[in-house]
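Structural overview
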Amino acid sequence: MRAIQIVEESGPDTALKIVELPDPEASHMLTPGAGVLVEVHAAGVSFPELLQTRGQYQLKPPLPFIPGSEVGGVVVSAPEGAVVKAGDRVAAFCALGGFAETAVAPEFFTFALPDELDYAQGAALILNYHTAYFALVLRGQLQRGESVLVHGAAGGVGTATIQVARGLGAKTVALVSSEHKGEVARQAGADEVVLAQEGWRERVKELTGGGVDVVVDPVGGDRFTDSLRSLRETGRVIVVGFTAGSIPEVKVNRLLLNNTEVIGAGWGAYAMAKPEYVRETSAALLDLIESGAIRPLVGERFKFGDAADALRALETRRATGKIVLDVKE
Ligand SMILES: NC(=O)c1ccc[n+]([C@@H]2O[C@H](COP(=O)([O-])OP(=O)(O)OC[C@H]3O[C@@H](n4cnc5c(N)ncnc54)[C@H](OP(=O)(O)O)[C@@H]3O)[C@@H](O)[C@H]2O)c1
């Protein structure tokens, strides 16, 4: 099979190499001795892959390795007792190995792809939507009727969070850096869009009648204090990532003054070892797909040979929705 390996940790321009390798065995590191083999049609491209080209991500396999955490494709083979079988269209989370013509995923991380979604949307489904659901429901305790402010709302996690929050009956406010990204957030279903410029916090307070209940923050950086200030009483800021580069610090007296919370949401570390939790989340997301609330927004699509350009789209902040590599054209 053709595959893309990270051969050195020198950044997206020079780290990647296309190689010819044997197909993987039907065994995944999370389920040794068992795994679903998937013929990959589309591979999702996300921040972890970008960070891995520099050796800056927590999952750090020895070089060389095939990056790519999730795919949309067709099952080649599945272990006995699996809910999917050869020939099924699936979305699969493989953690690594997705940038290849064949990938292997644990059975509990492989889901039949509803007819409404194509392979590229399948490759956009697991990482961002499971993260959004985990952040909002398990960590954020979101209640129907609450309001949610989403940072980086035109991005992968951002668009997913808007759709999941809306599907769960929340009002969503998207915070974005440009008008174009505002349109993308609206397309994702945001009720309100606010530009991340001077005065955004006051605008958010106006739109939500005095403050938001939940902030989902995959961006970090210097907006964090204003996120805290934009909360209403008992509001929660959910920390999801740091695309802005810097890790914010909190003066905890702020939390006491307004009875608010800062909550960490690290989906991978939580979900990897909990197959039942993953299945429950998938079932909840399937309901939201069926209700029409979830329709992953695929942004730019890249040819297999252009993976470095795909990673640069993330790095240069021009990506919207989910970036996808078309593996089988
Ligand atoms: N905690 C978890 O379990 C979990 C799971 C999945 C992903 N993540 C993390 O969540 C973060 C977002 O991932 P994503 O896939 O949504 O990324 P993305 O699609 O690239 O979106 C990130 C957004 O961050 C904003 N941003 C602000 N400063 C930026 C900068 N200097 N460079 C790039 N973007 C910048 C951009 O929005 P504006 O231009 O509108 O500001 C951009 O749309 C990543 O850090 C990822 O590792 C965490």
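Just so you know, these numbers come straight off a predicted model, no measurement behind them.

Taken together, Asp115, Glu116, Asp287 and Glu290 make up a surface patch of like negative charges. On the secondary structure map, Asp115 appears in the loop between β7 (110-112) and α3 (119-122).

Our focus in this paragraph is the packing of aromatic side chains. Taken as a whole and assessed by the stated rule, the structure comprises seven aromatic pairs. Judged by centre distance (5.3 Å) and plane angle (85°), the rings of Phe93 and Trp267 are edge-to-face. Highlighted residues: Phe93 in strand β5 (residues 89-93) and Trp267 in helix α10 (residues 267-271), separated in sequence by 174 residues. We note that Phe93, like Trp267, is buried. Cluster of aromatic residues (ring-pair linked, three or more members): Phe93, Phe108, Phe109 and Trp267. Stacked on the ring of Tyr119, the Lys or Arg Arg89 has its end atom at 5.0 Å from the ring centre.

What follows deals with the packing of helix α5 (residues 156-167) against helix α6 (residues 179-188). In helix packing, the relevant descriptors are the interaxial angle and the interaxial distance, both defined with respect to the helix axes. Between α5 and α6, whose axes approach to 9 Å, the crossing angle comes to 35°. The way α5 lies across α6 gives a crossing that is right-handed. Between α5, through Thr159, Ile162 and Gln163, and α6, the contact on the second element is made entirely by Val184, Ala185 and Ala188. Each residue belonging to the contact of α5 with α6 can be placed in one class, and the counts come to four nonpolar, two polar and no charged.

A few words now on the site of the ligand. As a matter of local geometry, the ligand sits amid 23 residues, with Val157, Ser177, Lys181, Ala265 and Trp267 nearest to it. Taking Val240, its main chain carries an N or O atom lying 2.9 Å from a nitrogen atom of the ligand. Computed on the free molecule, the ligand has an accessible area of 910 Å², of which 88% lies beneath the protein chains in the complex. Looking at the shell around the ligand, the elements with two or more residues in it are α4 (126-139) and α5. Its residues assigned to classes, the shell around the ligand comprises 12 nonpolar, eight polar and three charged.

Below, the discussion takes up the nonpolar core. Ranked by internal contacts, the top residues of the largest apolar core, which has 48 residues, are Leu125, Val148 and Val164. Looking at this core, the element that brings in the most residues is α4, giving eight residues. Contact partners of Val164, with chain neighbours within four places excluded, come to Tyr129, Ala132, Tyr133, Leu136, Leu285, Leu288 and Ile294. In this structure, Val38, Val40, Ala92 and Leu311 belong to the second largest nonpolar core, which totals 32 residues.

Within the structure shown, the criterion is met by 19 salt bridges. Put simply, Asp191 and Arg166 hold a salt bridge, and the shortest N to O gap is 3.7 Å. Linking Asp191 in the loop between α6 and β10 (192-195) with Arg166 in helix α5, this pair joins segments that are 25 residues apart in sequence. The exposure class assigned to Asp191 is partly exposed, which follows from its relative accessible area of 31%.

What counts, and where the lines are drawn
Residues numbered from 1 in each chain as written. Predicted model: local features only at pLDDT ≥ 70, side-chain atom pairs only at ≥ 80, totals over all residues. Heavy atoms only, no water. Patch = residues over 30% accessible without salt bridge, like charges linked within 9 Å, V, L, I, M, F, W, Y side chains within 5 Å. Areas by Shrake-Rupley, 256 points an atom, 1.4 Å probe, with all protein chains shown as cover. Salt bridge = Lys/Arg side-chain N within 4 Å of Asp/Glu carboxyl O. Lys, Arg positive; Asp, Glu negative; His and termini not counted. Charge placed at Lys NZ, Arg CZ, Asp CG, Glu CD. Helix = DSSP H or I, 4+ residues; strand = E, 2+ residues; numbered from the N terminus. Phe/Tyr/Trp six-rings, centres within 6.5 Å; stacked < 30°, edge-to-face > 60°. Buried < 20%, exposed > 50% of the residue type's maximum accessible area, 1.4 Å probe, protein only. Lys NZ or Arg CZ within 6 Å of the ring centre and 35° of its normal. Axes fitted to C-alpha atoms, helices over the stretch in contact; angles between N-to-C directions. Left-handed = near helix turned anticlockwise from the far one by under 90°. Contact = heavy atoms within 4.5 Å. Nonpolar A, V, L, I, M, F, W, Y, C, P; charged D, E, K, R; others polar. Near = heavy atom within 4 Å. Polar contact = N/O pair within 3.5 Å; in protein donor to acceptor, adjacent residues only side chain to side chain. Core = buried A, V, L, I, M, F, W, Y, C linked by side-chain atoms within 4.5 Å.

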